[in-house]
Amino acid sequence: MRHDWKREEVAEIYRTALPELVFRAQTVHREFHEADRVQTCQLLSIKTGGCPEDCAYCPQSAHYDAGVERQGLLDPQHVIDVARDAAARGVTRFCMGAAWRQAPEGRDFENVLEMVRGVSALGMEVCCTLGMLNEGQAERLKDAGLTAYNHNLDTSPEFYGSIITTRVYEDRLKTLAAVRKAGITVCCGGILGMGERETDRIGLLWQLATLEPHPESVPINMLVRVEGTPLASMPELSPLEMVRAIATARILMPASRVRLAAGRKQLSAEAVTLCFLAGANSIFVGEKLLTTPNPGPDEDEQLLETLGLKPLESHAV
Ligand code: SF4
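Just so you know, these numbers come straight off a predicted model, no measurement behind them. In this numbering scheme, every chain counts its residues from 1 along its sequence in written order. Reporting of local features is limited, given that this is a predicted model, to residues whose pLDDT is at least 70; pairs of side-chain atoms are given and counted only at 80 or more, and all residues count toward the totals for whole chains, interfaces and linings. Hydrogens and water are ignored here; the side-chain numbers use all heavy atoms of the structure.

Q: How would you explain the packing of helix H1 (residues 7-14) against helix H9 (residues 239-252) if you had to name every residue and give the values?
A: Packing of H1 against H9 brings their axes to within 9 Å, and their N-to-C directions diverge by 130°. In this view, H1 runs oblique relative to H9, as classed from their interaxial angle. Remark: the crossing between H1 and H9 carries right-handed chirality. Taking contact as the criterion, the partners of Val10, Ile13 and Tyr14 in H1 are, on H9, Glu241, Arg244, Ala245, Thr248, Ile251 and Leu252. Taken together, the residues that form the contact of H1 with H9 break down as 6 nonpolar, 1 polar and 2 charged. Angles shown run from 0 to 180 degrees and are taken between the N-to-C directions of axes, each axis being a line fitted to C-alpha atoms and, for helices, limited to the stretch in contact. Each helix is a run of DSSP H or I of at least 4 residues and each strand a run of E of at least 2, with the numbering of both proceeding from the N terminus. Any angle that falls under 35 degrees is termed roughly parallel, while one over 145 is termed roughly antiparallel, one within 65 to 115 roughly perpendicular, and all others oblique. For any helix crossing, the convention is left-handed if the near helix is rotated counterclockwise from the far helix by under a right angle, and right-handed if that rotation is clockwise. Note on contacts: a residue pair qualifies if any of its non-hydrogen atoms lie within 4.5 Å across the two residues. Each residue receives one of three labels: charged for Asp, Glu, Lys and Arg, nonpolar for Ala, Val, Leu, Ile, Met, Phe, Trp, Tyr, Cys and Pro, and polar for the others, Gly being one of them.

Below is the structure:
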């Protein structure tokens, strides 16, 4: 397990001939994970739209008109009921996302804590993404039973300013440090296809792989081009670039769960299969990922069955 990767080493791995890269990644994968297991996670938007940040890919930003209907924080009991239904379908990790710049104090935060306690009591892994967090908030979430906190680095430090201007990379790293300090596991990854260069994809993977410890969960997203956002007319990314990034992440962070996250609906079953072969071992299930479409539960079950893959149980790592 290494945390001292050099950027040139990451570039060399990333640029390996694809069959060799996938072979190496699958070899590493089998040393650290059960080859036929995939974690299934469900993501629910608990507070939607109206976010003051200007992330160029995001339909929930108040800076763009992407037709997302704003909704205040959901009722905790409703959220717990949705999680219970997901658990009954075999989902083992439940993620709650709120479109905030910074997790609020007061009643809304108390309600989030209630949701975390309720979902945790179902025996599921619980993850939240609430924007920036301070150390005190991270500790309270940990006490409520939070397993993981999602906070993506999105892209390389150099390209970050072209995508988001309302915060800096260092803010992200500070929240990640607060999460670590509280003893919560980290879910941190990025998005491909935002107009970045290959060196930016390498830069993102290098940043993630030099975090110590590595994020336990690494979501690799493919941009969903939403009308009304500045990235709506980006050219479509080659699915093989996703495969390359996933394989590289698997080699650099062997014990992490690498999650094939947003954009899966744009990938063929064959491309998704290649992503699994490259070391992805976690997916989001459910019809929606916050506000963007995802394959429905039937489609997911069918795919896993066709491939002979089984869902991973909760708290397996
Ligand atoms: S990605 Fe998150 S922080 Fe950025 S605009 Fe969307 S909801 Fe806000």
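Here the narrative resumes, following the displayed structure.
Q: Can you lay out the packing of aromatic side chains for me, pointing to particular residues and giving the numbers?
A: Only Phe, Tyr and Trp rings take part, Trp by its six-membered ring, and two of them pair if their centres are within 6.5 Å. Stacked means planes under 30 degrees apart, edge-to-face means over 60, and tilted covers everything else. Summed over the entire model, instances satisfying the criterion amount to 1 aromatic pair. Between Tyr160 and Tyr169, the aromatic rings sit 5.0 Å apart at their centres with planes inclined by 85°, giving edge-to-face as the arrangement. With respect to class, Tyr160 is no different from Tyr169; both count as buried. For a ring to carry a charge above it, either NZ of a lysine or CZ of an arginine must fall within 6 Å of the ring centroid while also lying within 35 degrees of the normal to the ring plane. The ring of Phe284 is capped by Arg259, whose NZ or CZ atom sits 5.1 Å from the centre of that ring. Remark: exposure states derive from per-residue accessible area (1.4 Å probe, protein chains only) relative to the maximum for the residue type, with buried under 20%, exposed over 50%, and partly exposed in between.

Q: An account of the nonpolar core is requested, with residue identities and associated values reported.
A: What we call a nonpolar core is a set of buried Ala, Val, Leu, Ile, Met, Phe, Trp, Tyr and Cys residues that are connected through their side-chain atoms within 4.5 Å. Ile46, Tyr57, Phe94, Met96, Leu130 and Leu141 are the most contacted members of the largest nonpolar core, which totals 97 residues. With 8 residues, the single largest contributor to this core is H9. Setting aside its immediate chain neighbours within four residues, Met96 contacts Leu43, Leu44, Ile46, Val79, Met115, Val116, Val119, Val126, Cys127, Cys128, Thr129 and Leu130.

Q: Lay out the pattern of salt bridges with the relevant residues and their values.
A: Basic side-chain nitrogens of Lys or Arg form a salt bridge, by our definition, when they fall within 4 Å of a carboxyl oxygen of Asp or Glu. Applying the stated criterion across every chain, the model contains 20 salt bridges. With its nearest N and O atoms 2.8 Å apart, the salt bridge here joins Arg180 to Glu216. One end of the pair, Arg180, is in helix H7 (residues 169-181); the other, Glu216, is in the loop between helix H8 (198-209) and strand S7 (217-222), with 36 residues separating them in the sequence. For Glu216, a relative accessible area of 30% translates into the label partly exposed. A network of salt bridges, in which partner residues are shared, links Glu53, Arg101, Asp154 and Arg167.

Q: Describe in detail the site of the ligand, supporting the description with residues and values.
A: The rule for a residue being near a molecule or strand is that one of its heavy atoms must lie within 4 Å of it. Around the ligand, the structure places Cys51, Glu53, Cys55, Tyr57, Cys58, Ser61, Ala99 and Arg167. Broken down by class, the residue content of the shell around the ligand amounts to 5 nonpolar, 1 polar and 2 charged.

Q: Residue-level account of unusual backbone geometry, with values.
A: Keep in mind that most residues, glycine aside, have a negative phi and that most peptide bonds are trans. Cis geometry marks the peptide bond from Glu212 to Pro213; its omega dihedral reads -5°. Within the element layout of this structure, Pro213 appears in the loop between H8 and S7.

Q: Now, about the environment of Phe32: what can you tell me, with residues and values included?
A: Relative to the helices and strands, Phe32 is located in helix H2 (residues 18-32). Spatially, the C-alpha atom of Phe32 lies 32 Å from that of Ala98, the residues being 66 residues apart in sequence. Excluding residues that lie within four positions of it along the chain, Phe32 makes contacts with Met1, Pro254 and Ala255.

Q: So what's going on with the state of the cysteines? Residues and values would help.
A: Note on terminology: pairs of cysteine sulfur atoms within 2.5 Å are recorded as disulfides. Applying the stated criterion across every chain yields a total of 0 disulfides. Cys95 forms no disulfide, and the closest cysteine sulfur to it belongs to Cys127, at a distance of 4.3 Å. When its relative accessible area of 5% is taken as the criterion, Cys95 is described as buried.

Q: Now, about empty space enclosed by the protein: what can you tell me, with residues and values included?
A: Buriedness of a pocket was judged along seven lines, with at least five required to meet protein on both sides within 12 Å; pockets are open sets of points on a 1 Å grid over the protein atoms alone, cavities are sets where a 1.4 Å probe fits but cannot get out, and lining residues have an atom within 4 Å of a point. Grid points are joined across faces, edges and corners, and a volume is the space filled by probe spheres set on the points. Applying the stated rule across the entire model yields 2 cavities of 30 Å³ or more. If you add up the space inside the second largest cavity, you get close to 30 Å³. Along its surface, the second largest cavity is lined by Leu192, Gly193, Met222, Leu223, Arg225, Pro235, Glu236, Leu237 and Gln266. Across the lining of the second largest cavity, the residue classes break down as 5 nonpolar, 2 polar and 2 charged.

Q: Requested: an account of the packing of helix H4 (residues 107-120) against helix H5 (residues 135-144), with residues and values cited.
A: Contact geometry for H4 and H5: axes closest at 8 Å, N-to-C directions at 30°. Between H4 and H5, the interaxial angle falls into the category roughly parallel. For the pair formed by H4 and H5, the contact residues are Phe109, Glu110, Val112, Leu113, Val116, Arg117 and Ser120 on the first element and Gln137, Arg140, Leu141 and Ala144 on the second.

The values reported here are purely geometric and, on their own, carry no functional implication.
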